[in-house]
Amino acid sequence: MAPAVDVDTPVDAIQGLKARAKQVDRSIFPDGLKTTGQHPPLYDKVYPYSAFPKRIEGPTEWKAEDYANNPERWVHQFSEDELEEISKAADNFIALSLPLTGINKENFRLPNLEPALITMRRELINGKGFILYKGFPVDEWGLHKSAVAYMGLGVYIGYPVSQNGHGHILGHVKDLGEDSTQIDKVRIYRTNARQYFHADDCDIVGLLCIAKAEFGGESDVASIHNVWNILQEERPDVAELLTKPIWYFDRKGEDSKGEDPYIKAAVFYLETPDPENPEREQRVYCKWDPYFVRSLSRFSDKGIIPPLSPEQEEAVQLLEATCERVKLHMILAVGDIQFVANTHTLHARTSYRDFGPDSGKPRRHLMRLWLSVPEDEGGWRLPFWDSAEKKRGGIQVDDTPPVARLDAD
């Protein structure tokens, strides 16, 4: 089946982007790897609705009832031996006096835990797409050691990529008092507002709970393949609309020189063919965040881009409502780590309220990782020029260096 858009991406342009990705200033990016950032898809690799499956089956298609009463299928309590190995690896890394941005599997060794992490990683990428670890002793270890240990675990899953225009590879989900109604300027993770179902600009997102809110801030995860099946059964017209590359996504000012301030893309994609195995399944991939679609009135009001059509507005609402129907709800305790795949799940967060300033209790605080898994290391084959790059995706503004601070700024 031919792709949906008869627009070839010039080979020279793709090769130029790949060449620039390798021309990295090691004084800024010591490991020689730079987050590639946000990009429009390769339109000649965007498939039409007719190429998509009518129904998806397998481990990526699940229902909340499959897991709600079976925590042993998705919750892992760290054992004393596991925590001791992680603790020693963190202490050894700290003794090296290296910056957190330099952490990798070579300087954070987990020989006993690594096989289990490989299995978990495979399940994240090709299975249900989420896991919850419990028992990380964050209060005992403090912010620095907890961050080292958390990032050390993360590098066994993927490559940490920049999460914003400031180069944060260790992010912090915390209410900084920013106005959540200013969605063209403010990233919602820096507020206490509800986060609707979305995927982040990476393959896998990790969240480590350092401190809980007084109320709310709870997590939901939905299988996008279950959502797809429901849309196909009940509203195939909406499913089709979501496969068309007619959706504009805001960069919210986090763009490099020469880049458009928005990206024109689809919501649902098919994987690209596997050149080694042309018969291999091309899975349905979802890339979505309603806050980045609804924040573009500063362009649509001027006629630069079209506003959302009534059909698109309905699709936005229906996609959210369908995720709500099938969501798995979970509450993160202090010391919990949630890893979620962004390829085939969407996740959300309820609004929350922090403890009052006179309570003596800290504000809700989650440490966040965005992790990249390139094609040649088991990642999905995505219709973007950087699909094979080590640090694909993320948000990169020009040569902003990676940083890993211990708290929000």
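Preceding this section is the structure that the text describes.
A. Local environment of the pattern of salt bridges. One pass over the full model with this rule turns up 32 salt bridges. Residue R392 pairs with D203 through a salt bridge whose shortest N-O separation is 2.7 Å. One end of the pair, R392, is in the segment after strand 17 (365-372); the other, D203, is in the loop between strand 5 (195-198) and strand 6 (204-211), and 189 residues separate them in sequence. Exposure class is identical for R392 and D203. Each is buried.

B. The arrangement of the sheet that holds strand 13 (residues 328-330) in detail. Read across the open sheet, the 4 strands follow the order 5-15-8-13; overall the sheet is antiparallel. One side of each edge strand has no neighbouring strand; the edge strands of this open sheet are strand 5 and strand 13. Mean inter-strand twist for the sheet, computed between neighbouring axes without regard to direction, equals 15°. As paired strands, strand 8 (residues 219-223) and strand 15 (residues 345-349) are joined by 5 bridges and run antiparallel to one another.

C. Molecular detail of the packing of helix 5 (residues 224-234) against helix 9 (residues 310-326). Where helix 5 meets helix 9, the axes come as close as 10 Å, and the angle between the chain directions of the two elements is 120°. By the angle between their directions, the pair helix 5 and helix 9 is classed as oblique. Where helix 5 crosses over helix 9, the two elements pack in a sense that is right-handed. On helix 9, the residues that touch I224, N226, V227, I230, L231 and E234 of helix 5 are L318, L319, T322, C323, R325 and V326. In terms of residue class, the contact of helix 5 with helix 9 is made up of 8 nonpolar, 2 polar and 2 charged.

D. How the structure looks around the packing of helix 2 (residues 80-95) against helix 4 (residues 138-154). Following both chains from N to C, one finds helix 2 and helix 4 inclined at 105°, their axes separated by 9 Å at the closest point. It follows that helix 2 is roughly perpendicular to helix 4 by the angle criterion. Every residue of helix 4 that contacts helix 2 at L83, I86, S87, A90, D91, F93 and I94 is listed here: W141, H144, K145, V148, A149 and L153. Broken down by class, the residue content of the contact of helix 2 with helix 4 amounts to 9 nonpolar, 2 polar and 2 charged.

E. Region of the structure containing the pairing of strand 8. Of all 5 residues in strand 8, 5 are buried, a share of seventy percent or more. Where burial is concerned, the two faces of strand 8 agree: the one with S219, V221 and S223 and the one with D220 and A222 are both buried. In this sheet, strand 13 lies alongside strand 8 in antiparallel orientation, the contact comprising 3 bridges. Within the sheet, the bridge partner assigned to S219 lies in strand 13 and is M330.

F. Examining the packing of aromatic side chains more closely. Considering all chains together, one arrives at 18 aromatic pairs under this definition. On the basis of an interplanar angle of 90° and a centroid distance of 5.7 Å, the ring pair of W62 and Y67 is categorised as edge-to-face. An identical accessibility class is assigned to W62 and Y67; each is buried. Here the aromatic residues F78, Y133, F136, W141 and F339 are joined through ring pairs into a cluster of three or more. Over the ring of F292 we find K252; its NZ or CZ atom is 4.3 Å from the centre of that ring. Here the basic side chain of R283 rests over the ring of W380, its NZ or CZ set 4.0 Å away from the ring centre.

Parameters and conventions
- Residues numbered from 1 in each chain as written.
- Predicted model: local features only at pLDDT ≥ 70, side-chain atom pairs only at ≥ 80, totals over all residues.
- Heavy atoms only, no water.
- Salt bridge = Lys/Arg side-chain N within 4 Å of Asp/Glu carboxyl O.
- Helix = DSSP H or I, 4+ residues; strand = E, 2+ residues; numbered from the N terminus.
- Buried < 20%, exposed > 50% of the residue type's maximum accessible area, 1.4 Å probe, protein only.
- Pairing = 2+ DSSP bridges.
- Axes fitted to C-alpha atoms, helices over the stretch in contact; angles between N-to-C directions.
- Parallel < 35°, antiparallel > 145°, perpendicular 65-115°, else oblique.
- Left-handed = near helix turned anticlockwise from the far one by under 90°.
- Contact = heavy atoms within 4.5 Å.
- Nonpolar A, V, L, I, M, F, W, Y, C, P; charged D, E, K, R; others polar.
- Phe/Tyr/Trp six-rings, centres within 6.5 Å; stacked < 30°, edge-to-face > 60°.
- Lys NZ or Arg CZ within 6 Å of the ring centre and 35° of its normal.

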